[in-house]
Amino acid sequence: LFGKGGMTYDRAGNAAFGGPKEFYEAQKTAFDKSIQEIEKRGKVEIEKLQSIAADKKAILDSEQQAGLVSTEEYNSQLMVLLKSSEDAQIAEIRKTSKGVRAEYENRHRTISDLIAKAEATPAKGKGASAAKASNLAQLRAELSTLEELATTSSEQWSASIDKLTSRYGKDLQVAINK
């Protein structure tokens, strides 16, 4: 890469990142897309698990209505189905949450490294101190926002598990009351 007129170009002459700010913005965009992709994959997998469980329950219901299984056998199989479905969905929620948390931790480390480098680099030239202070303030604000987002994300994943566990308890009670 080489620079010309404030821009950076690769060997083929294609414009690359114009500097640290553009590079930073590109990293932020990549981070946002990565989080969205992890969450999307997790949601799709959970929906698939729910669909499979619903299909199995429909088959079990039809077997009971046709008299192919006793009420006791139905209740037993339903409890196993509900528990295995809950366990699979909780495992997927935890897997997705872990992936999201890893992305937040990587982003946190990147911003923290940028702050450390900026603090260690002396400001040179007229107005450089003010620009450095402004950039540091912006990075610190982003770091704070990132920490808040990570906490909110973690709380949402925990709430999803709590909701699923509560629904399992309700579904189990309904099955027992049949």
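In the block above lies the structure referred to throughout.
A few points on the structure. Predicted, not measured: the structure shown is a model, and the values here were computed from it.

Relative to the helices and strands, alanine 137 is located in helix H3 (residues 128–177). Taking the C-alpha atoms as reference points, alanine 137 and isoleucine 115, 22 residues apart in sequence, are found 9.3 Å from one another.

This brings us to the nonpolar core. Core analysis: the biggest nonpolar cluster contains 18 residues, and Ile93, Val100, Tyr104, Ile111 and Ile115 have the highest contact counts within it. At the level of elements, helix H1 (20–65), helix H2 (71–120) and H3 are the ones that each hand at least two residues to this core. If you tally residues by element for this core, the top one is H3, at 7 residues. Sequence-distant contacts of isoleucine 93, defined by excluding residues within four places in its chain, comprise Ile46, Trp157, Ser160, Ile161 and Leu164. One finds Val69, Tyr74, Leu81 and Tyr168 within the second-largest nonpolar core, a separate group that totals 9 residues.

So, on to the packing of aromatic side chains. Scanning the entire structure with this criterion turns up 1 aromatic pair. Residues phenylalanine 31 and tyrosine 104 carry aromatic rings whose centres are separated by 5.4 Å and whose planes lie at 70° to one another, so their mutual orientation is edge-to-face. Placement of the pair is phenylalanine 31 in helix H1 and tyrosine 104 in helix H2, with a sequence separation of 73 residues. For the residue pair phenylalanine 31 and tyrosine 104, the accessibility class agrees, reading buried in each case.

All told, the structure shown has 8 salt bridges when counted by the stated rule. In this structure, the salt-bridge partner of aspartate 32 is lysine 28, at a minimum N-O distance of 3.7 Å. Within this pair, aspartate 32 and its partner lysine 28 are both found in helix H1, separated by 4 residues, close to a single helical turn. By relative accessible area, which is 27% here, lysine 28 ends up partly exposed. Its salt-bridge partner being lysine 48, residue glutamate 45 comes within 3.5 Å of it at the nearest N-O pair. Within this pair, glutamate 45 and its partner lysine 48 are both found in helix H1, separated by 3 residues, close to a single helical turn. Relative accessible area serves as the criterion here: at 26%, glutamate 45 is assigned to the partly exposed category. Beyond isolated ion pairs, a larger network of salt bridges with shared partners links Lys83, Glu86 and Asp87.

Criteria and cut-off values
Residues numbered from 1 in each chain as written. Predicted model: local features only at pLDDT ≥ 70, side-chain atom pairs only at ≥ 80, totals over all residues. Heavy atoms only, no water. Helix = DSSP H or I, 4+ residues; strand = E, 2+ residues; numbered from the N terminus. Core = buried A, V, L, I, M, F, W, Y, C linked by side-chain atoms within 4.5 Å. Buried < 20%, exposed > 50% of the residue type's maximum accessible area, 1.4 Å probe, protein only. Contact = heavy atoms within 4.5 Å. Phe/Tyr/Trp six-rings, centres within 6.5 Å; stacked < 30°, edge-to-face > 60°. Salt bridge = Lys/Arg side-chain N within 4 Å of Asp/Glu carboxyl O.

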